[in-house]
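Fold and contact review
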Amino acid sequence: MRNAYRVLAYLIALEVVIQASAIAWAFFGFGKWIEDGNVFNKATLDCDDCGWNFYAERGFMIHGLNGAMIIPAISLIFLVVSFFAKVPGGVKYAGILFVLVIIQSQVLPGLGHEYPIFGAVHGLNALLVFGLAVVAGHRVASTRAEEPVPMAV
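Residues numbered from 1 in each chain as written. Predicted model: local features only at pLDDT ≥ 70, side-chain atom pairs only at ≥ 80, totals over all residues. Heavy atoms only, no water.

Let us look at the side chain of Q104. For Q104, the position within the fold is in helix α4 (residues 90–114). With relative accessibility at 13%, the residue Q104 sits in the buried group. The residues touching Q104, leaving out its near neighbours within four places in the chain, are P109, H122, N125 and A126. (Helix = DSSP H or I, 4+ residues; strand = E, 2+ residues; numbered from the N terminus. Buried < 20%, exposed > 50% of the residue type's maximum accessible area, 1.4 Å probe, protein only. Contact = heavy atoms within 4.5 Å.)

Right, here's the structure in full:
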């Protein structure tokens, strides 16, 4: 279970890296699409048949799917595994990480669309999720599993 705990912690950190890469790919591709002479406005957004798709648009899809479903699922599994892994402080780290992921995936995106400043909070929280996941994974390597003490007969 300790190995599963470590793998899940590092997997969450890797998913945050994927998130950053996907959204950067999408926005750079979007910028290129606009530089190529395309126009994006509310009418374009509302039009289903306007053909505003561009190759890097997949980055938005990856970021959305990963952030809304995959990372929260992994963090929930991580929280459950933490109860059995016997990592010192492991449940605390997994619990805090789970709360940060829920805030990241369920609260901040909605607030960011209404109040763009929360986009910055979304980015900062992603760094917290990444850092905490790395620390949690590293704690397994830095602590030994408790060895059972033989009973005296």
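Here the narrative resumes.
Here the structure, examined in full by the defined rule, presents four aromatic pairs. With 6.0 Å between their ring centres and 15° between their planes, F30 and W33 make a pair best called stacked. One end of the pair, F30, and the other, W33, are both in helix α1 (residues 2–35), three residues apart, so they sit about a helical turn from each other. W33 gets classed as buried once you look at its relative accessible area, which sits at 10%. Taking 6.4 Å as the distance between ring centres and 65° as the angle between the ring planes, the aromatic pair formed by Y115 and F118 counts as edge-to-face. (Phe/Tyr/Trp six-rings, centres within 6.5 Å; stacked < 30°, edge-to-face > 60°.)

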